[in-house]
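Results of the structural survey
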Amino acid sequence: MLELSSLLLAEIQAHGAQAYPEEGAGFLLGRAEGERKRVLSILPRPNAREQAARHNRYLLTAQDYLQAEQEAERQGLDLLGVFHSHPDHPNRPSEFDREWAMPWFSYLITSVYQGQAGESRCWLLNEDRSAFTEEEIRLL
Amino acid sequence: MPIIKIPTPLRSYTANQSEVTVQGQTAAEAMQSLVEQYPALHPHLFNPEGKLRPYVNLFLGEDNLRDLQGLETPLKETDQLRLIPSIAGG
């Protein structure tokens, strides 16, 4: 289960709308207790893919990851996952998402249609990497 | 012996350890040592053909091994390899 405040979810959705028609992305920071993850802050990052691909691809580089890990440590938190937007597409993970997915990380995806953020859903990679399973979002 | 630093999403496979001591004189041998100790890591680091997955980056100090000799990069006893994922999707 992924827990986060309505305010943080609104910030994530606003980031997706701002990035439209490109994909926007960033890191989820917080605390994990067993299968329960509580998001306490977010770290939006620029989409590092080349401009022509940003409408349906995002990339957070190794350097982005390192900086996010350091920022999480500075705040006394852990990296819990990643958020990104799907411009004019459903908030389900794509095959490309699956190929690149890390285990354990929560993948929060927001649909953005015509520049307006829609709903967000969260996904976890299955242990055998064959598919994602939806993770419940609990708003605080 | 060299050490490999483990990123957060993979620590559930290393008994929550953020560092694992490995054996090997090259990065390839060190990675082999890592997955021998923690076999459940293997599918998340290597594809079915045995190649490193594209999101896996290994850094020696500030240097990405791709800019050195890749997995054939020699390691010293005191080296620390840092495993850092790139995050991508669509």
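All values reported here derive from a predicted model rather than from experimental measurement.

**A word on the overall build of chain A**
Broken down by element type, chain A carries three helices and nine strands. Mapped in sequence order, the helices and strands of chain A form the string β-α-β-β-β-α-β-α-β-β-β-β. Its C-alpha atoms give chain A a radius of gyration of 14 Å, near enough to 14 Å, the size a compact globule of 140 residues would have. Taken over the C-alpha atoms alone, chain A extends approximately 40 × 30 × 30 Å along its principal axes. Counting all 140 residues of chain A, 49% fall into the buried class. Long-range pairs, those at least 24 residues apart, make up 63% of the contacts in chain A between residues at least 6 apart in sequence. Roughly 6600 Å² of accessible area belongs to chain A as shown, and the carbon and sulfur atoms make up 48% of that amount.

**Some thoughts on the pairing of strand β2 (residues 25-33) of chain A**
Residues and elements named next belong to chain A. In the sheet, β2 pairs with strand β3 (residues 36-45) via nine bridges, with the strands oriented antiparallel. Its bridge partner being in β3, Leu28 is matched across the sheet by Ile42. As defined by bridge partners, β2 adjoins strand β5 (residues 78-87) across six bridges and the pair is classed as antiparallel. Considered in β5, the bridge of Gly30 is made with Asp78.

The rules behind these values
- In this convention, every chain numbers its residues from 1, walking through the sequence in written order.
- Numbering of ligands from 1 and lettering of chains from A proceed in the order in which they are written.
- Given that the model is predicted, a residue must reach a pLDDT of at least 70 before its local features are reported, and side-chain atom pairs must reach 80 or more before they are shown or counted; all residues, however, enter totals for whole chains, interfaces and linings.
- Where side-chain values are given, they derive from all heavy atoms of the structure, hydrogens and water being excluded.
- Each helix corresponds to a stretch of at least 4 residues labelled H or I by DSSP, and each strand to a stretch of at least 2 residues labelled E; elements are numbered beginning at the N terminus.
- When we talk radius of gyration, it's over C-alpha atoms, and the globule rule is simply 2.2 Å times the number of residues to the 0.38.
- Under the scheme applied here, a residue whose accessible area is under 20% of the maximum for its type counts as buried, over 50% as exposed, and between as partly exposed, the area being computed with a 1.4 Å probe on protein chains only.
- Contacts are assigned to residue pairs with any non-hydrogen atoms lying within 4.5 Å of each other.
- Only the protein chains shown count as cover for residues, with accessible areas throughout obtained via the Shrake-Rupley method and a probe of 1.4 Å.
- Pairing between two strands is assigned when DSSP locates at least 2 bridges connecting them.

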